[in-house]
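Fold and contact review
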There are 2 protein chains.
Amino acid sequence: MKAPRTNSREKILAAAADVAREAGPGNLSLDAVASRAGVSKGGLLYNFPTKAKLMQGLVEEYLREFEQALEDARSTSPSAENLLSTYIRLAARECRDMETSASWIFSALAEDPDFLTPIKLFRRQLFERLKAETPDLRALLVTYLAIEGLRSMNLFGFDPLADDERQLLVDSLLKMAEADNAVPLEKLDA
Amino acid sequence: MKAPRTNSREKILAAAADVAREAGPGNLSLDAVASRAGVSKGGLLYNFPTKAKLMQGLVEEYLREFEQALEDARSTSPSAENLLSTYIRLAARECRDMETSASWIFSALAEDPDFLTPIKLFRRQLFERLKAETPDLRALLVTYLAIEGLRSMNLFGFDPLADDERQLLVDSLLKMAEADNAVPLEKLDA
DNA sequence: TTGACAAGACCGTCCAGACGGTACAGTAAG
DNA sequence: CTTACTGTACCGTCTGGACGGTCTTGTCAA
C-alpha cells in the first residue's frame, strides 16, 4: 500500500508544475499533465481523484519542501545567526536558482483562490515567529518585505536586478538583520 | 463617430475587474462580464472584439491610471521631495485603499502570461528612472523591493501587517529614501 | 423641413471545441 | 487476490466567438 510500483505521485506533481509553466497558468489540463508525466489519464485520476486534489498536493509538497529547507538551513548555519538572517539567505538563494520558480501557484490561484490559504497561514506563522525572535521591529519589517518583493518579482518573472545589485541588496538586508542587537532605532529616531 | 451613446468601454472594464475579483481569476467569462456591465454579449464583443483585447484594455487602462497618479503625486508634493519618496508614498496609499487591488492581473496572467509584458516594461523603465535619480543605490534597492513586497502581499491578499506596523514600515522607508543625500553608506560599511 | 441613407452601437442566438470527470475492461507484478 | 495502474469510450457543461438582425444618430441632398 505504501509501495507504488514507480513513484507516480512525484512524477505527476513535477509534470503539473512543468505544464503550468509551459502552457500558461490557465491551460493546466489533466490530459496534458497525464501525458507529460508518462501516465494515462486513468492513472492520474487514480492518484489524484480530482483536479482540486492535484492542486492541493502541489501546495502541500511546496510547503513541506520549504519547511524542510528552512530546517536544514537553520541547522547548518552557525548557531549565532538569528532566524531572520537564515530566512533572508534561504530566500535569496531560492530566488537566484529560479528553476524552482513556483509559477504553478498561478494555476492553483486561477482554479480557486482558496488553495492559497494554507500558504497564507504558513506565512503568517513564519512572520509571527520572526517577530517574536527579532527585537528590532523596523529591521524586520523592512527586510521581510524586501525579500517578499524579491520573491514576488521572481515569481512574476520580472527581476530588473543585475547580479551585483541583488548581491548588494542581500548584503544590506543581512546587515540590517544582524544588527538587531545594536538597537539601531536611535540612529533613525534622532 | 467618437460619441458612444453611453461610455460602455469603461463600464465593461470595471465590470471585468469586478468579475475577476468575485468569480476568481480563472472564471472570467465574457458572459459574466457582459451581464455585469449591463451590456449584451454582442455589445461586449463590439467594444472588445476578442477576450485578448479585453485583457489588453485592462492592462492599458491600469498603466495609464498609474502613470497619471504618479504624475499627479509628483506635481502635488513639495518640489524638494525626490521621486523615490513620492513613489513610496503613492504605493503605500494605494495598498492601504485596497479597493483598487488589481487582482484581475491574475486573470490576464491565466489567459496568457504575455499580457504582463507591458507592465514589466513599464516597471523596468520606472526602476531605471529611480536608479538615475537616486544617489544611494542601497537605499533604492531596499526600499523599492520592500514596497514591491507590500504590493505583492496586497495583491495576494496576504498582509499580516497591522496598521501601525505598516505605518512604521512606510516611515522607515521614507527615512531611508529621504536620506539619500546624507550618504548613509558609511554607517553600514563601518 | 424632410426624407433617404449610411454608420455606429448593440442584442440574441447558435455552435464547435475543450475540459473535467466517469465507467469499465484489461493487465502485470507481488 | 490485491494493488496499481493502462486504455478507451463517453457524457455534460461551459465558453469564446461568429453571425445576423435591430435601433439610434448623424449627414446631406432636394
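Analysis parameters
- Residues numbered from 1 in each chain as written.
- Chains lettered and ligands numbered in written order.
- Predicted model: local features only at pLDDT ≥ 70, side-chain atom pairs only at ≥ 80, totals over all residues.
- Heavy atoms only, no water.
- Helix = DSSP H or I, 4+ residues; strand = E, 2+ residues; numbered from the N terminus.
- Buried < 20%, exposed > 50% of the residue type's maximum accessible area, 1.4 Å probe, protein only.
- Arc of directions from axis to C-beta.
- Contact = heavy atoms within 4.5 Å.
- 1 Å grid on protein atoms, 1.4 Å probe; cavity = no way out; pocket = protein on both sides within 12 Å on 5 of 7 lines; lining within 4 Å.
- Points joined across faces, edges and corners; volume = space filled by probe spheres on them.
- Nonpolar A, V, L, I, M, F, W, Y, C, P; charged D, E, K, R; others polar.
- Buried area = accessible area lost by both parts, 1.4 Å probe.
- Salt bridge = Lys/Arg side-chain N within 4 Å of Asp/Glu carboxyl O.
- Axes fitted to C-alpha atoms, helices over the stretch in contact; angles between N-to-C directions.
- Parallel < 35°, antiparallel > 145°, perpendicular 65-115°, else oblique.
- UniProt positions renumbered as here; feature names shortened; annotations may be inferred.

Taking an unreviewed UniProt entry as the reference, chain A is identified by name as TetR family transcriptional regulator belonging to Manganibacter manganicus.

1. Let's talk about unusual backbone geometry
Phi is positive for aspartate 159 of chain A, close to 55°, though the residue is something other than glycine. Secondary-structure assignment places aspartate 159 of chain A in the loop between helix H8 (137–156) and helix H9 (163–178).

2. Digging into helix H2 (residues 30–37) of chain B
Residue and element names in this part refer to chain B. Residues of H2 that are buried: Leu30, Val33, Ala34 and Ala37. Burial along H2 is one-sided: seen end-on, the buried residues are contained in an arc of 100°. Against the buried residues of H2 lie helix H1 (8–23), helix H3 (41–47) and helix H4 (51–76). Just past H2, the residue glycine 38 takes up positive phi, approximately 70°.

3. What about empty space enclosed by the protein?
All names here are of chain A. Taken as a whole and assessed by the stated rule, the structure comprises one cavity of 30 Å³ or more. Estimated volume of the largest cavity: approximately 40 Å³. In terms of residue count, the dominant contributor to the lining of the largest cavity is helix H7 (residues 117–133) (three residues). Looking at side-chain class alone, the lining of the largest cavity contains three nonpolar, no polar and three charged residues.

4. Considerations on the interface of chain B and chain A
Counting from both sides, the interface comprises 43 residues of chain B and, opposite them, 42 residues of chain A. Here chain B packs against chain A, burying approximately 3,900 Å² in sum over the two surfaces, 75% of which is carbon and sulfur. Together, Leu145, Phe156 and Phe158 of chain B form the three largest contributors to the area buried by chain B at its contact with chain A, with a combined 16%. Along the contact surface separating chain B from chain A lie two salt bridges. Close ionic contact of lysine 131 of chain A with glutamate 165 of chain B constitutes a salt bridge, the shortest N to O distance being 2.7 Å. Ranked by residues supplied to the side of chain B that touches chain A, first place goes to helix H8 (residues 137–156) of chain B with 14 residues. Across the side of chain B that touches chain A, the residue classes tally to 26 nonpolar, six polar and eleven charged.

5. What to know about the packing of H1 of chain B against H4 of chain B
Residue and element names in this part refer to chain B. Taken N-terminus to C-terminus, the directions of H1 and H4 make an angle of 95°; their axes are 10 Å apart at the nearest point. Judged on the interaxial angle alone, H4 and H1 are roughly perpendicular. Each of Ile12, Leu13 and Ala16 in H1 lies in contact with H4, whose residues at this interface are Leu54, Gly57, Leu58 and Glu61. Among the residues forming the contact of H1 with H4, the class breakdown is five nonpolar, one polar and one charged.

6. Regarding the pattern of salt bridges
Residue and element names in this part refer to chain B. Summed over all chains, the structure comprises 28 salt bridges over all chains. For arginine 89, the salt bridge identified is with glutamate 81, shortest N-O distance 2.2 Å. Of the residues examined, glutamate 81 reaches a relative accessible area of 13% and is grouped as buried. In this structure, arginine 89 engages glutamate 178 in a salt bridge whose closest nitrogen and oxygen atoms are separated by 3.7 Å. Placement of arginine 89 in helix H5 (residues 83–96) and of glutamate 178 in helix H9 (residues 163–178) is noted, with a sequence separation of 89 residues between them. Glutamate 178 sits in the partly exposed class, given a relative accessible area of 45%.

7. Some words on the UniProt feature "DNA-binding region" (unreviewed entry) in chain A
With numbering aligned to this structure, UniProt lists the feature "DNA-binding region" (unreviewed entry) at residues 29–48 of chain A. Regarding residues 29–48 of chain A, the helix share stands at 70% and the strand share at 0%, and the terminal C-alpha atoms are separated by 13 Å.

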